[in-house]
Amino acid sequence: MQKSEVESWIKSGPKPELIDAAQKFGEIIKNNGLTTSQIRQVFSKLKSIEAKQYSSHRTEFMMLKPYIAYAAGRQKNVDGLQNFKEKITWGIDSVLNSQDDYQEEEKRFKNFCTFFEAILAYHRACGGK
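Thresholds applied
- Residues numbered from 1 in each chain as written.
- Predicted model: local features only at pLDDT ≥ 70, side-chain atom pairs only at ≥ 80, totals over all residues.
- Heavy atoms only, no water.
- Core = buried A, V, L, I, M, F, W, Y, C linked by side-chain atoms within 4.5 Å.
- Buried < 20%, exposed > 50% of the residue type's maximum accessible area, 1.4 Å probe, protein only.
- Helix = DSSP H or I, 4+ residues; strand = E, 2+ residues; numbered from the N terminus.
- Contact = heavy atoms within 4.5 Å.
- Salt bridge = Lys/Arg side-chain N within 4 Å of Asp/Glu carboxyl O.
- Phe/Tyr/Trp six-rings, centres within 6.5 Å; stacked < 30°, edge-to-face > 60°.

**Q** Requested: an account of the nonpolar core, with residues and values cited.
**A** In terms of nonpolar packing, the biggest core is built from 36 residues, with Phe61, Phe84, Ile88, Phe112, Phe115 and Phe116 touching the most fellow members. Put simply, the parts of the chain that give this core at least two residues each are helix H1 (3-12), helix H2 (16-31), helix H3 (36-52), helix H5 (64-74), helix H6 (79-96) and helix H7 (102-125). Per element, the largest residue contribution to this core is 8 residues, and it comes from H7. Those residues within four positions of phenylalanine 61 in sequence are excluded, and the remaining contacts are Leu46, Ile49, Tyr54, Ile92, Val95, Leu96, Phe109 and Phe112.

**Q** Explain the pattern of salt bridges residue by residue, including any values.
**A** Counted according to the given criterion, the structure contains 7 salt bridges. For glutamate 60, the salt bridge goes to lysine 52, with nearest N and O atoms at 3.4 Å. What makes glutamate 60 partly exposed here is its relative accessible area of 34%. Where arginine 58 meets glutamate 105, a salt bridge forms, and the shortest distance between an N and an O atom there is 2.4 Å.

**Q** Any chance you could break down the packing of aromatic side chains for me, citing the residues and the numbers?
**A** Tallied over the full model, the rule gives 10 aromatic pairs. Ring geometry for tyrosine 54 and phenylalanine 61: centres 5.7 Å apart, planes at 75 degrees, overall edge-to-face. The two residues tyrosine 54 and phenylalanine 61 agree in class, both being buried. Look at phenylalanine 112 and phenylalanine 116: their rings are 6.2 Å apart centre to centre, the planes differ by 50 degrees, and that puts the pair in the tilted class. Taken together, the residues span about one helical turn, with phenylalanine 112 and phenylalanine 116 both in helix H7 at a distance of 4 residues. Across the pair, exposure class does not vary: phenylalanine 112 and phenylalanine 116 are buried alike. Three or more aromatic residues link up through ring pairs in this structure, and these residues are Trp9, Phe43, Tyr54, Phe61, Phe84, Tyr102, Phe109, Phe112, Phe115 and Phe116.

Below you can see the structure in the form of structure tokens.
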């Protein structure tokens, strides 16, 4: 999955070709040793932010980057985790690094959530454990 594909999903939402890219990425990270529990640790934090309302928990969302970096640093031998960290960091940056108004940022956050859910679903569908 290319950076431009991640940025496009975050900006505009899923499209058929981006869904296909997420499917391939889910398979790649599964084949490179990333476990479902490693993804779910981040996913549970993301869902918590989503449930509490993004506007009042933007800082928690920003803190996902160092959380993922820490996890990837602890398990350098898991190539899938390094790859996952890179893509998720691109997505977080795409949500935060824009000059759009707050409503657009919140829309990008929701698109990020669907992006993350797609990766998790395809990882699991490809046999991730």
